[in-house]
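These are the residues of each chain, in order.
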Amino acid sequence: MNQHLCLNDIAPGQHAVVSALCSTGSMRRRLLDIGLVENTPVECLGRSPGGDPSAFLIRGAVIAIRSEDCADILVHRS
């Protein structure tokens, strides 16, 4: 059984697959617009020097997402 984590829990260099989006409103719409839907593979590319935001490879694009928003994205390791 796959353990569900939030996007914050994957370290740079690790891969995961989106399980669910728990965000609402305009942030949910933005995440859906960039293609962050169920079963989308993501890779953590790194974190900023202060630790927030983190960079992720999503559908061929590098996207920076704040920790606050990453907490609402459930993933499982691939």
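Here, every reference points to the structure presented above.
Presented here is a report on the structure given in the accompanying data block. (Residues numbered from 1 in each chain as written. Predicted model: local features only at pLDDT ≥ 70, side-chain atom pairs only at ≥ 80, totals over all residues. Heavy atoms only, no water.)

Here's the deal with the nonpolar core
Ranked by size, the top nonpolar core spans 17 residues in total, and within it L7, L36, I65 and I73 carry the most contacts. Among the secondary structure elements, those contributing two or more residues to this core are β2 (15–21), α1 (25–33), β3 (41–47), β4 (54–58) and β6 (73–77). With 3 residues, the top contributor of residues to this core is β2. L7 has contacts with V42, F56, I65, C70, I73 and V75, leaving out every residue within four places of it along the chain. (Core = buried A, V, L, I, M, F, W, Y, C linked by side-chain atoms within 4.5 Å. Buried < 20%, exposed > 50% of the residue type's maximum accessible area, 1.4 Å probe, protein only. Helix = DSSP H or I, 4+ residues; strand = E, 2+ residues; numbered from the N terminus. Contact = heavy atoms within 4.5 Å.)

Some remarks on the environment of G46
Mapped onto the secondary structure, G46 falls in strand β3. Ignoring sequence-local partners within four residues, the contact set of G46 consists of P12, S54 and A55.

Some points on unusual backbone geometry
We note that N39 has phi near 75°; this positive angle belongs to a residue other than glycine. Secondary-structure assignment places N39 in the loop between α1 and β3. Of the residues examined, N39 reaches a relative accessible area of 55% and is grouped as exposed. The phi dihedral of R59 is positive, around 55°, even though this residue is not glycine. Structurally, R59 is set in the loop between β4 and β5 (61–65). Taking the relative accessible area as the measure of exposure, R59 reaches 57% and is therefore exposed.

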